[in-house]
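Descriptive structure summary
The primary structure of each chain is shown beneath.
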Amino acid sequence: MPLFPRSDGHLLKKLPHALRIQSIRSPRRSDSVAFIRQEFDITETIEFIRSYNQDPDRRPDQSISLFYLLACSGVRMLTRRPEMNRFISSSRFYQRREIRISFETRRTIADEPLMVSFSADPRAALPEIAGQIRSGIRETVAEPARPRRSNPIPIPHRLRKFGAVIFRAMDSANLIPPGAMRHDPDFSSVKIYTSGGTAPEAPLYPPENRGTCGITAVLGTMRKAWRFDEGGRKQRRDLVQLTIGYDRRIADDLYVEASIDLLRHLIQDPEPLLSSD
C-alpha cells in the first residue's frame, strides 16, 4: 500500500494477475508501448461538420473541425471504456478520477507549440466540449509569451538530472501537488496531436515515461481516394489516418481494439455526440 493517496486517481486492488505481472516486468511505460494505426472514412463526417457550421443559430466563432469531433469522441470513449482511463505509478494501478484532454496549439505558425489541458465532463455533448477547447486555447494564447534570451543562463546538466530524479521520487511517493498535475499535460488521460504537414500518414508519438499519460492520438491529414461501396460501385471518399499509442499494461489488446472501434464509430457517425451521454 502507498503511504499517501493520489489526488488524481484511486488505487485499484482487484486486478488480473497477468496485468500486475506485466507492470512488474516492465516498470517503464516505454517498455510496453504499442501502436495501432487505422484509416477512417470521414465522408459523412465532413458533411456533418459542414451542416453543423452552417447552422444559422450558431455564431461563426462556434464552428468546429475534425479535431473537435476527435476530442469529443475521445471523451465519450473514455467514459464508456473506463479501463482506458487508468494509469500506473510505481507498479500500482489507479483509476483516474477525471477525464483530462491535452492538445497542442500555437500563437502563430512560427511560434513554439503550447499544450492546452482541460477537464471534460463525461456527460458533456459536442457543443460543451467544443466550448471548453476554445476557452482553453484563448486562455493559453492570451498568456504573455516568454521572451527568448539571446544568451540564456545555462543550467548544468547534473542539476537538471537531479531535478528529474527528485520529480520522479515525488511522483512515486504520491507527493506531486494537485495544482501541478492539473496544468501538466503529462498527467492527462490522453494527449492529442495533429500531423501538421501535407503527408497523410499520422506519425508515431509514443507516451512518455514522465507523468501518468498512457495514451496518445495523432490525427493525420485528410486525403481523397477511390473506394468501392457494398454494391461494387467506385466512389471518391474522404479518408484520414489516426495513430493511437498506448501503454499495454493498463488494458489487454482486445479491450483497446474494441475501444478504438467505438472511437471510429463515434467519429464516422457523430450525431449522438450532439446530446449528453
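The following paragraphs examine the structure supplied in this document. (Residues numbered from 1 in each chain as written. Predicted model: local features only at pLDDT ≥ 70, side-chain atom pairs only at ≥ 80, totals over all residues. Heavy atoms only, no water.)

For threonine 140, the position within the fold is in helix α4 (residues 126–142). For the pair threonine 140 and leucine 114, spaced 26 residues apart in the sequence, the C-alpha separation amounts to 7.5 Å. The residues contacting threonine 140, other than those within four sequence positions of it, are Arg107, Leu114, Met115 and Val116. (Helix = DSSP H or I, 4+ residues; strand = E, 2+ residues; numbered from the N terminus. Contact = heavy atoms within 4.5 Å.)

A large share of strand β8 (residues 215–219) lies buried, amounting to five of its five residues. Side-chain alternation along β8 places Ile215, Ala217 and Leu219 on one buried face and Thr216 and Val218 on a second face that is also buried. As paired strands, strand β7 (residues 190–194) and β8 are joined by four bridges and run parallel to one another. Considered in β8, the bridge of isoleucine 192 is made with alanine 217. As defined by bridge partners, β8 adjoins strand β10 (residues 234–247) across five bridges and the pair is classed as antiparallel. In the sheet register, isoleucine 215 faces β10, and the bridge partner there is tyrosine 246. (Buried < 20%, exposed > 50% of the residue type's maximum accessible area, 1.4 Å probe, protein only. Pairing = 2+ DSSP bridges.)

Glancing now at the sheet that holds strand β3 (residues 86–89). Here we have three strands laid out as an open sheet, ordered β1-β4-β3, and antiparallel in their pairing. The open sheet has two free edges, formed respectively by β1 (9–11) and β3, since each of these has just one partner strand. Averaged over neighbouring strand pairs, the angle between their axes works out to 40° when direction is ignored. In this structure, β1 lies alongside strand β4 (residues 92–96), joined through three bridges in antiparallel fashion. Among the inter-strand pairings, histidine 10 is bridged to a residue of β4, identified as glutamine 95. (Axes fitted to C-alpha atoms, helices over the stretch in contact; angles between N-to-C directions.)

Below, the discussion takes up the environment of asparagine 209. Within the secondary structure, asparagine 209 sits in the loop between β7 and β8. The partly exposed category is assigned to asparagine 209, whose relative accessible area is 39%. Sequence-wise, asparagine 209 and arginine 37 are 172 residues apart; in three dimensions their C-alpha atoms are separated by 21 Å. In contact with asparagine 209, not counting residues within four places along its chain, are Arg28, Arg29 and Ser30. Within the local environment of asparagine 209, its side chain forms a polar contact with the backbone nitrogen of arginine 29, the two atoms lying 3.0 Å apart. Of note is the side chain of asparagine 209, whose polar atom sits 2.8 Å from the backbone nitrogen of serine 30. (Polar contact = N/O pair within 3.5 Å; in protein donor to acceptor, adjacent residues only side chain to side chain.)

Let us now look at the packing of aromatic side chains. Throughout the structure, instances matching the rule amount to seven aromatic pairs. Geometrically, the ring pair formed by phenylalanine 67 and phenylalanine 103 is edge-to-face, given 5.1 Å between the ring centres and 65° between the ring planes. One end of the pair, phenylalanine 67, is in helix α3 (residues 66–80); the other, phenylalanine 103, is in strand β5 (residues 99–105), and 36 residues separate them in sequence. Classification of phenylalanine 67 by relative accessible area gives buried; the value is 14%. (Phe/Tyr/Trp six-rings, centres within 6.5 Å; stacked < 30°, edge-to-face > 60°.)

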